[in-house]
Amino acid sequence: MDSISLISMLADGQFHSGSELGAALGVSRTAVWKALSGLAEYGLEIEAVKGRGYRLSRSIELLDRDDILHQMSSSVRDRMSLSILPVIDSTNSELMRLDRSEGEFEILLAEMQTGGRGRRGREWVSPFGRNVYLSMRFDLSGGPESLAGLSLVVGLSLASVLNCHARGQLRLKWPNDVMVEGRKLAGVLVELRGEATTAWSVVLGVGLNFDMGVEQDTGIDQPWASLSEFAAVGRNQLVSELASQLVHDLDVFREKGFSCFQDRWNQLDFFKGRHVGVVGQGLSGLSAGVDVKGNLIIDTASGRQSVNAGEVSVRARNP
Ligand code: BTN
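Residues numbered from 1 in each chain as written. Predicted model: local features only at pLDDT ≥ 70, side-chain atom pairs only at ≥ 80, totals over all residues. Heavy atoms only, no water.

### Description of the overall build of the chain
Here is step 1 of the chain: Summing up its helical and strand segments, the chain has 9 helices and 14 strands in all.
Here is step 2 of the chain: Taking 2.2 N^0.38 as the reference for a compact globule, 319 residues should give roughly 20 Å; the C-alpha atoms of the chain span a radius of gyration of 21 Å, in line with that estimate.
Here is step 3 of the chain: Expressed as lengths along the three principal axes of its C-alpha atoms, the size of the chain is roughly 75 × 45 × 35 Å.
Here is step 4 of the chain: Within the chain, the proportion of its 319 residues that are buried is 52%.
Here is step 5 of the chain: Here the contacts in the chain between residues at least 6 apart in sequence split such that 65% fall between residues at least 24 apart.
Here is step 6 of the chain: Split by element, the accessible area of the chain, about 14400 Å² in all, is 48% carbon and sulfur. (Helix = DSSP H or I, 4+ residues; strand = E, 2+ residues; numbered from the N terminus. Rg over C-alpha atoms; globule rule 2.2 N^0.38 Å. Buried < 20%, exposed > 50% of the residue type's maximum accessible area, 1.4 Å probe, protein only. Contact = heavy atoms within 4.5 Å. Areas by Shrake-Rupley, 256 points an atom, 1.4 Å probe, with all protein chains shown as cover.)

Right, dumping it as structure tokens:
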């Protein structure tokens, strides 16, 4: 039996009897029972109550392609292809593997990632149905300098959409972590597909903790937050808004580069006016926001330095 059909029936968080589930899915009650025990593989907790049936311990708003697309303007929708997979190793890896392109902006979403990847080789914890795992592929022309600030723009798109629902409480930690109350809510991973020097096939990945419970925190090595603590918005609505905002911001970025995002980014700067240090580089000083290319400016004892958003990690420090 298809586990996803079973999850769809249980997604409402209400009780469903074994016979109701069996009839709807065309299988015996024994087959339903077996399939229910298999849902542990998705990290889903099922409650069984005699006389009432089975339910998910927490309801899930499953991703719905039509719902997402219908909430977009037709001008955005017409430029986009959108696919949803129940389970994949990593939505970024999947788009990186494909050698064809469908649509100007190709979006891939998954309910669960078994090998979600974060920046600097870290794992991205990706339980079923709780968060947003979104990757988008698009083309960008120009030399290597045309990529400057791209990942910051993606973080900014994300923070702008989220801030509409979270009363402006979110900040951006350079280069592209979305933070709330000092905890990480979302992150961005930008990768390039294939070899190129003047025309880039970019795969950007956004991971957003949407409604993650503490039981799913299997080894996240930093303080984290979930959007549901701060905002009451549906997953499909949020994905639709995020995809639209990304298309809008990437259009501007492709035409004008990072410079016209600089002020907007600096307004949300998490490090603003704080002492920071670049891990492993012995560089520290007062953070002074980002420059026109998205580099982090640090006022050190020996003068102003700018740090490129490569593989470095910047931490707040005591002066
Ligand atoms: C970070 O370390 O902050 C970046 C996290 C990026 C996670 C997203 S989830 C969708 C896409 N697929 C992945 O494997 N990673 C990105």
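### Brief notes about the site of the ligand
Here is step 1 of the chain: Contacts to the ligand come from 20 residues, most closely from S90, Q113, R117, R119 and K184.
Here is step 2 of the chain: Contact distances for the ligand include 2.7 Å between a nitrogen atom and a backbone N or O atom of R117.
Here is step 3 of the chain: At 2.7 Å from an oxygen atom of the ligand is found a main-chain nitrogen or oxygen belonging to R119.
Here is step 4 of the chain: Taking 410 Å² as the accessible area of the ligand by itself, protein coverage stands at 98%. (Near = heavy atom within 4 Å. Polar contact = N/O pair within 3.5 Å; in protein donor to acceptor, adjacent residues only side chain to side chain.)

### Some thoughts on the packing of aromatic side chains
Here is step 1 of the chain: Scanning all chains against the criterion turns up 4 aromatic pairs.
Here is step 2 of the chain: When the ring of Y42 is compared with that of F128, the centres are 5.5 Å apart and the planes differ by 85 degrees; the resulting orientation is edge-to-face. Here F128 lies in the loop between β4 (105-113) and β5 (132-141) and Y42 lies in the loop between α3 (29-38) and β1 (46-49), a separation of 86 residues in the sequence. Pair check on accessibility: Y42 and F128 agree, each one buried.
Here is step 3 of the chain: A cation over a ring is seen here: R274 above F270, with NZ or CZ 4.7 Å from the ring centre. (Phe/Tyr/Trp six-rings, centres within 6.5 Å; stacked < 30°, edge-to-face > 60°. Lys NZ or Arg CZ within 6 Å of the ring centre and 35° of its normal.)

### A closer look at the pairing of strand β10 (residues 275-278)
Here is step 1 of the chain: Two strands pair when backbone bridges link them, and β10 and strand β11 (residues 283-290) are joined in this way by 4 bridges, in the antiparallel orientation. Bridge assignment links H275 to a residue of β11, and that residue is L286.
Here is step 2 of the chain: In this antiparallel pair of consecutive strands, β10 and β11, the connection spans 4 residues, and G280 shows a positive phi of 80 degrees.
Here is step 3 of the chain: In terms of strand pairing, β10 meets strand β14 (residues 314-316) through 3 bridges, oriented antiparallel. Paired with V276 across the two strands is A316, which belongs to β14. (Pairing = 2+ DSSP bridges.)

### Comments concerning the sheet that holds strand β13 (residues 303-307)
Strand-to-strand pairing in sheets goes through backbone hydrogen bonds, with the strands running parallel or antiparallel.
Here is step 1 of the chain: Within the open sheet, the 5 strands sit side by side as β13-β12-β11-β10-β14. Their pairing is antiparallel. For this open sheet the edge positions go to β13 and β14, each flanked by a neighbour on one side alone. Across this sheet, the average inter-strand angle for adjacent strands is 45 degrees, counted without regard to direction. (Axes fitted to C-alpha atoms, helices over the stretch in contact; angles between N-to-C directions.)

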